[in-house]
Amino acid sequence: MSKKSLKDGDIVLTGEKLGVVEEFLPDKQSTFTKDGKIFASKTGMISINNKERKIVISTHQDKDRKVVKIGDIVIGVILFLRQYSVGISFYTINNKIHFNSSYFGNIHVSQISDRYVEKINDAFQITDIVRARVIEQDYNEYKLSTASNNLGVIYADCVICGKSLIKIGHNKLKCDRCGNVESRKLSNDYGNVSNNLRF
Ligand SMILES: [Zn+2]
């Protein structure tokens, strides 16, 4: 074995040998196998999942793609409340901001939380900034979910005076200007968002 083995982060060219099927689980989208050997089907950066030993080649374009896919994490603003859902406009996909594109999604009351949510306005208000996961696509409309600790409202203004609200407890916010207390489905990093957004 004179040839050094490939590692995470290495750049490979289309057609380059990556290893053998005994070493890695090949990715269908970015590799192909022939006679038990795995080759790159595109040029990009290697990423190896150490647990599953899955080998994937990803490109800058994949990371910054504008096409929304199931499972993507998006950030958007609440546009309107309905009885059983909210409308949300989003322009950030997997931490990449697409200034010239805007997408439309909705969150059904059953997808807000793992816990039962009775009224939509206990969870969201218009102008809230929300992080959500894409769970389904229906033409140009995306069904989103916030039923996870790291999903939900990441920024909210007081509905009365407009000042940004401070977290005072589980799903509870308070305005330190007018004293108004409101409830939301909060993300666990509300008020301390460390998303590293790409422009
Ligand atoms: Zn206020």
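Being a predicted model, the structure only gives us computed values, none of them experimental.

*Asks:* Help me out: how do you make sense of the confidence of the model for the protein in this one?
*Replies:* One rule of thumb: low pLDDT means the predicted coordinates there are not for detailed reading. Of the residues in the protein, 98% have a pLDDT of 70 or more, and the chain-wide mean is 91. For the protein, helix α1 (residues 60-63) is the element with the lowest average pLDDT, namely 72, and strand β16 (residues 172-174) is the one with the highest, namely 98.

*Asks:* How do you make sense of the sheet that holds β16 when you look at a structure like this?
*Replies:* Within a sheet, adjacent strands bond to each other through the backbone by hydrogen bonds, running parallel or antiparallel. Read from one edge to the other, the open sheet built from 3 strands follows the order β15-β16-β17, with strand pairing classed as antiparallel. Sheet topology places β15 (166-169) and β17 (181-183) at the edges, where each strand pairs with a single neighbour. Taken pair by pair, the neighbouring strands of this sheet meet at an average axis angle of 40°, ignoring direction. Looking at chain direction, β15 and β16 are connected through 3 bridges and run antiparallel. Within the sheet, the bridge partner assigned to Ile-166 lies in β16 and is Lys-174.

*Asks:* For this particular structure, what's the right way to read the pairing of strand β4 (residues 31-34)?
*Replies:* Sheet faces and side chains relate simply in a regular strand, where the side chains alternate between the two faces. Across 4 bridges, the pairing between β4 and strand β5 (residues 37-40) is antiparallel. Counted as the bridge partner of Thr-33 is Ile-38 from β5. Adjacent in sequence and paired antiparallel, β4 and β5 are bridged by 2 residues, among which Asp-35 carries a positive phi angle near 50°.

*Asks:* Honestly, unusual backbone geometry in this entry has me stumped. Any pointers?
*Replies:* If a residue is not glycine, its phi is most likely negative; likewise, a peptide bond is most likely trans. Even without glycine at this site, Asn-94 takes up a positive phi of about 50°. Along the chain, Asn-94 turns up in the loop between β9 (85-93) and β10 (96-97). In this structure, Asn-171 takes a positive phi of about 55° despite not being glycine. For Asn-171, the position within the fold is in the loop between β15 and β16.

*Asks:* Looking at this structure, how should I read the sheet that holds strand β6 (residues 44-49)?
*Replies:* Across the sheet, which stays open at both edges, the 4 strands sit in the order β1-β6-β7-β3 with mixed pairing between neighbours. Strand pairing shows two members of the sheet lacking a second neighbour, β1 (11-12) and β3 (25-26), which therefore form its edges. For β1 and β6, the ladder comprises 2 bridges, and the chain directions are antiparallel. In the sheet register, Val-12 faces β6, and the bridge partner there is Gly-44.

*Asks:* Mind showing me how you'd approach the environment of Lys-69 here?
*Replies:* Within the secondary structure, Lys-69 sits in the loop between α1 and β8 (73-81). With 94 residues separating them along the chain, Lys-69 and Lys-163 place their C-alpha atoms 34 Å apart.

*Asks:* Just to check I follow, could you spell out the pairing of β5 for this structure?
*Replies:* Only one face of β5 is buried: it carries Ile-38 and Ala-40, and the other face, with Lys-37 and Phe-39, is open. Bridge analysis of strand β2 (residues 17-20) against β5 gives 3 bridges, and the strand direction is antiparallel. Paired with Lys-17 across the bridge in β5 is Phe-39.

Calculation criteria
- Residues numbered from 1 in each chain as written.
- Predicted model: local features only at pLDDT ≥ 70, side-chain atom pairs only at ≥ 80, totals over all residues.
- pLDDT = per-residue confidence, 0-100.
- Helix = DSSP H or I, 4+ residues; strand = E, 2+ residues; numbered from the N terminus.
- Pairing = 2+ DSSP bridges.
- Axes fitted to C-alpha atoms, helices over the stretch in contact; angles between N-to-C directions.
- Buried ≥ 20, exposed ≤ 12 C-beta atoms within 10 Å, placed from the backbone.

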